[in-house]
Amino acid sequence: SGVGAIIGGVQMLLGFDTGYVLAWKPETGWEEIEGTRGSAPNGVAITPDGKELYFAEWGRERLVRILLDAEDSSRRRTVDLPHHPDNLSCTRDGQLLAAGQVGDLSQLLACGQVEDGTCAVAFSVVRIDPSTMRTEVILDHPGTATGGVSSALVVGDELFVGTFNGDRVGRAPYVP
């Protein structure tokens, strides 16, 4: 319902824990991955060796890394991002991309009313070096031509971005 969405949105924007990441094991089914509780956890990526899990924490505007085989306090590390990160992708050279919206709750809720065109909410795309957790904004946009971006993907030498609500895909040059 509309009220439920507003309450959930406020909880996320205030940084309340609203969920966690699950893993499927054939012998036991779905299980919560320790250390993944967060405010609107979303956008999951895992290293090819299966030892590191990354997820976007939309409500707290950060990326979280979990070392899956560690048992101590080094298990979880976070890095702040300049937006509400949504989905993650990986580049050819092993970098992570986090796309997300820059805006307040009223702007984001207004996107639900868009039927044609774009959700005119500013966005950015951040590249993260998984080994250092260093971040670099590679695209910062006011959301005019396409907005409310929730995903970014590198194809060749281009960066494609998609929205969580709208009828457009954006394209920009990608410089590694």
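Refer to the structure printed above.
This structure is a prediction, so every number in the text was calculated from the model and none was measured. (Residues numbered from 1 in each chain as written. Predicted model: local features only at pLDDT ≥ 70, side-chain atom pairs only at ≥ 80, totals over all residues. Heavy atoms only, no water.)

1. Observations regarding the overall build of the chain
For the chain, the helix and strand inventory stands at 2 helices and 13 strands. At 16 Å, the chain has a C-alpha radius of gyration in line with the 16 Å of a compact globule built from 176 residues. Considering only C-alpha atoms, the chain reaches an extent of 45 × 45 × 30 Å along its principal axes. Split into buried and exposed, the 176 residues of the chain put 43% on the buried side. Taking all contacts inside the chain whose residues are at least 6 apart in sequence as the whole, residues at least 24 apart take part in 40%. As displayed, the chain offers around 9,300 Å² of accessible surface, 53% of which is attributable to carbon and sulfur atoms. Once the 14 positive and 24 negative side-chain charges of the chain are each reduced to a mean point, those two points are 4 Å apart. (Helix = DSSP H or I, 4+ residues; strand = E, 2+ residues; numbered from the N terminus. Rg over C-alpha atoms; globule rule 2.2 N^0.38 Å. Buried < 20%, exposed > 50% of the residue type's maximum accessible area, 1.4 Å probe, protein only. Contact = heavy atoms within 4.5 Å. Areas by Shrake-Rupley, 256 points an atom, 1.4 Å probe, with all protein chains shown as cover. Lys, Arg positive; Asp, Glu negative; His and termini not counted. Charge placed at Lys NZ, Arg CZ, Asp CG, Glu CD.)

2. Let's talk about the environment of Tyr174
Assignment of secondary structure puts Tyr174 in the segment after β13 (169-173). Overall, Tyr174 belongs to the buried group, its relative accessible area being 7%. Ignoring anything within four residues of it in the chain, the contact list for Tyr174 reads Thr91, Arg127, Ile138, Val154, Asp157, Glu158 and Leu159. Separated by 2.8 Å, the side chains of Tyr174 and Arg127 make a polar contact. (Polar contact = N/O pair within 3.5 Å; in protein donor to acceptor, adjacent residues only side chain to side chain.)

3. Here's the deal with the packing of aromatic side chains
The description of an aromatic ring pair uses the distance of the two centres, along with the angle that the planes make with each other. For the coordinates displayed, the defined rule picks out 1 aromatic pair. Their ring planes at 65° and their centres at 5.4 Å tell us that Trp24 and Trp30 sit as a pair that is edge-to-face. Trp30 matches Trp24 in its accessibility class, with the two residues each being exposed. (Phe/Tyr/Trp six-rings, centres within 6.5 Å; stacked < 30°, edge-to-face > 60°.)

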